[in-house]
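Summary of the model geometry
Single-letter residue listing:
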Amino acid sequence: MAHIENILRDKVFLFPKQTSVSDVESEILSLILEQENISGTNKPTLVDSGDDYDSYKVLSPDGPLLLKVSLDDAYTGFQEEKKMLWLTEHLNLAPKTLGCGELNFGSKIPYLITTYENAYSVNELGKSILMANYKDCLKKIHALHQIKIKEPTLKHKIEQALARTKFQEPEFKELLEKDGYNFRLLKEEFSGAREYILDSFRESFSGDSLCHGNINPSTLLLGPFDIKLINWQNSFAANPLIDLANLRFEFEFDEAFEFILFNYYNSLDPKYKWEDYLAARNFLSALKLMDYTYSYIKEIYLFNNQRAEKMLKIFSGFCRNIRFFEHIPGFAKNREEIIHLFGKPMI
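Note that the coordinates shown come from a computational prediction; the quantities given were computed from them, not determined experimentally.

Okay, the overall build of the protein chain next. Looking only at helices and strands, the protein chain features 15 helices and ten strands. Relative to a compact globule of 347 residues, whose C-alpha radius of gyration would be 20 Å, the protein chain shows 20 Å and is just as compact. Oriented by its inertia axes, the alpha-carbon framework of the protein chain measures out at about 55 × 55 × 35 Å. Of the contacts made within the protein chain by residues no fewer than 6 positions apart, 72% connect residues no fewer than 24 positions apart. Surface exposure of the protein chain reaches about 16700 Å², of which carbon and sulfur atoms provide 52%. When the 41 positive and 50 negative side-chain charges of the protein chain are each reduced to one mean point, those points stand 3 Å apart.

The set of residues buried in helix 15 (residues 335-343) consists of Ile 338, Leu 341, Phe 342 and Gly 343. In this structure, the buried residues of helix 15 make contact with helix 9 (181-200), helix 12 (274-302), helix 13 (308-320) and helix 14 (329-333).

What follows covers empty space enclosed by the protein. Throughout the structure, instances matching the rule amount to one cavity of 30 Å³ or more. A volume near 40 Å³ is recorded for the largest cavity. In terms of lining, the largest cavity is formed by Leu 66, Lys 68, Glu 81, Leu 85, Pro 95, Thr 114, Ile 230 and Asn 231. Elements that contribute at least two residues to the lining of the largest cavity include exactly strand 3 (63-70) and helix 3 (77-87). By residue class, the composition of the lining of the largest cavity is four nonpolar, two polar and two charged.

Moving on, we get to the side chain of Ser 70. Note that Ser 70 resides in strand 3. Among the polar contacts listed, one links the side chain of Ser 70 to the backbone nitrogen of Asp 72, at a separation of 3.2 Å. If we ignore the near neighbours within four places in the chain, the residues touching Ser 70 are Tyr 53, Tyr 75, Phe 78, Ile 109 and Pro 110.

Attention shifts here to the packing of helix 9 against helix 15. Look at helix 9 against helix 15: their axes get within 11 Å of each other, and the N-to-C directions meet at 120°. As summarised for this structure, helix 9 and helix 15 are arranged oblique, according to the angle between their axes. At the point where helix 9 passes helix 15, the crossing takes the left-handed sense. Residues Tyr 181, Asn 182, Leu 185, Leu 186 and Glu 189 of helix 9 pack against Glu 337, Ile 338, Leu 341 and Phe 342 of helix 15. Here the contact of helix 9 with helix 15 is composed, by residue class, of six nonpolar, one polar and two charged.

Formed by 81 residues in total, the largest nonpolar core has its most connected members in Leu 138, Leu 220, Ile 242 and Phe 318. Apart from the residues within four sequence positions on either side, Phe 318 is in contact with Leu 289, Tyr 292, Phe 325, Phe 331, Ile 338, Ile 339 and Phe 342. In terms of nonpolar packing, the next biggest core, distinct from the first, is built from 15 residues, Ile 32, Ile 38, Tyr 56 and Val 58 among them.

Taken as a whole, the second largest pocket spans an internal volume of roughly 200 Å³. Secondary-structure elements contributing two or more residues to the lining of the second largest pocket are helix 8 (173-178) and helix 12. When the residues that make up the lining of the second largest pocket are grouped by side-chain class, the tally is six nonpolar, one polar and three charged.

Now for the sheet that holds strand 3. As summarised here, the arrangement of the five strands in space is 1-2-3-5-4, forming an open sheet in which the pairing is antiparallel. Each edge of the sheet is formed by a strand with only one pairing partner; in this case those strands are strand 1 (45-47) and strand 4 (97-105). Looking at each pair of strands side by side, their axes are set apart by 30° on average, direction ignored. The sheet contact formed by strand 2 (residues 53-60) and strand 3 spans eight bridges and is antiparallel.

Here the structure, examined in full by the defined rule, presents 18 salt bridges. A salt bridge links Lys 108 to Glu 102, with the nearest nitrogen and oxygen atoms 3.9 Å apart. Between Arg 335 and Glu 326 there is a salt bridge, and its shortest N-O distance comes to 2.8 Å. Here Arg 335 falls in the partly exposed class, since its relative accessible area comes to 26%. The structure contains a network of salt bridges with shared partners spanning Arg 248, Glu 258 and Arg 281.

This part covers the pairing of strand 2. Where a strand is regular, its side chains alternate between the two sheet faces. Strand 2 sits mainly inside the fold: six of its eight residues count as buried. Judged from the three bridges that link them, strand 1 and strand 2 form a sheet pairing that is antiparallel. The residue of strand 2 that forms the bridge with Val 47 is Ser 55. Once strand 2 ends, the chain turns through two residues before running back antiparallel as strand 3.

The next thing to look at is the sheet that holds strand 6 (residues 120-121). Spatial strand order, 6-8-9: three strands in an open sheet with antiparallel pairing. Because the sheet does not close on itself, it has two edges, and the strands there are strand 6 and strand 9 (227-229). Pairing between strand 8 (residues 220-222) and strand 9: three bridges, direction antiparallel. Residue pairing in the sheet places Leu 220 in a bridge with Leu 229 of strand 9.

Scoring rules and cut-offs
Residues numbered from 1 in each chain as written. Predicted model: local features only at pLDDT ≥ 70, side-chain atom pairs only at ≥ 80, totals over all residues. Heavy atoms only, no water. Helix = DSSP H or I, 4+ residues; strand = E, 2+ residues; numbered from the N terminus. Rg over C-alpha atoms; globule rule 2.2 N^0.38 Å. Contact = heavy atoms within 4.5 Å. Areas by Shrake-Rupley, 256 points an atom, 1.4 Å probe, with all protein chains shown as cover. Lys, Arg positive; Asp, Glu negative; His and termini not counted. Charge placed at Lys NZ, Arg CZ, Asp CG, Glu CD. Buried < 20%, exposed > 50% of the residue type's maximum accessible area, 1.4 Å probe, protein only. 1 Å grid on protein atoms, 1.4 Å probe; cavity = no way out; pocket = protein on both sides within 12 Å on 5 of 7 lines; lining within 4 Å. Points joined across faces, edges and corners; volume = space filled by probe spheres on them. Nonpolar A, V, L, I, M, F, W, Y, C, P; charged D, E, K, R; others polar. Polar contact = N/O pair within 3.5 Å; in protein donor to acceptor, adjacent residues only side chain to side chain. Axes fitted to C-alpha atoms, helices over the stretch in contact; angles between N-to-C directions. Parallel < 35°, antiparallel > 145°, perpendicular 65-115°, else oblique. Left-handed = near helix turned anticlockwise from the far one by under 90°. Core = buried A, V, L, I, M, F, W, Y, C linked by side-chain atoms within 4.5 Å. Pairing = 2+ DSSP bridges. Salt bridge = Lys/Arg side-chain N within 4 Å of Asp/Glu carboxyl O.

As structure tokens, then:
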């Protein structure tokens, strides 16, 4: 998460509609490219990454590059992504890493440089494109799952998610001190989701298959010749059913098509049961609910509801998946109040 004192925070977090690159940003990008001995243009363009870091398209003599810059000097996601890009290089499934490190610019600025993919996201093409290309997509995802890793594990990712809900970062100090009714209601939602996660976790959800962890309409790209996945910082080792179940939360399709996806994936590796898939989906739903709630708190209380597009994404994801939260006792208890609370900023 970006810190308020960072020099780039105002543009990124308060003026999301601004698409021009400032002189300060251009200077930072030039220094990063110089540090990596890469030639680049002095006219970078901002790319919507959908994450809490900035991404820029930079032209070079060897073709376009993607340069990611984090505003959090403690951010380690780019180092994690670098590892995953190296592991998947032989699959031609992800961008290639060209540089990764930190720039000293008053404070440390982590960065990652990769090739820029000449492809369109499912968001740009329309979510129905997945239905027309699901076999090719699942073949790629299945190939990814054949890569075996030891860490980070699914349990580690769960521990990280649970730790976030304690709000120990200094940015949340004032919010914790006020402890208003709505915040207490949201904390109760965390408590219910946390309890369900701990109760419903099965050892079978763990595993050593490399899972992307965040396949969604923004990270799945379709080009003229191939399918690509980007933004690998959330990857982990787990049962492939976790990655597969995540598609239902991120893409808009019904249970009939979900069953088609499961059966086709299972035809590539026939060892899974529909009941096990549903158990993984139910478990993952509690993690999703916790993530939506945490993101809501961050946007409303920390960034004062200034990032309208981010709020819309959270709200639409929450509403799209409400039916998957019904089995979580904590959600069922406060269902109407939580739905009303999520909807207030959009009115």
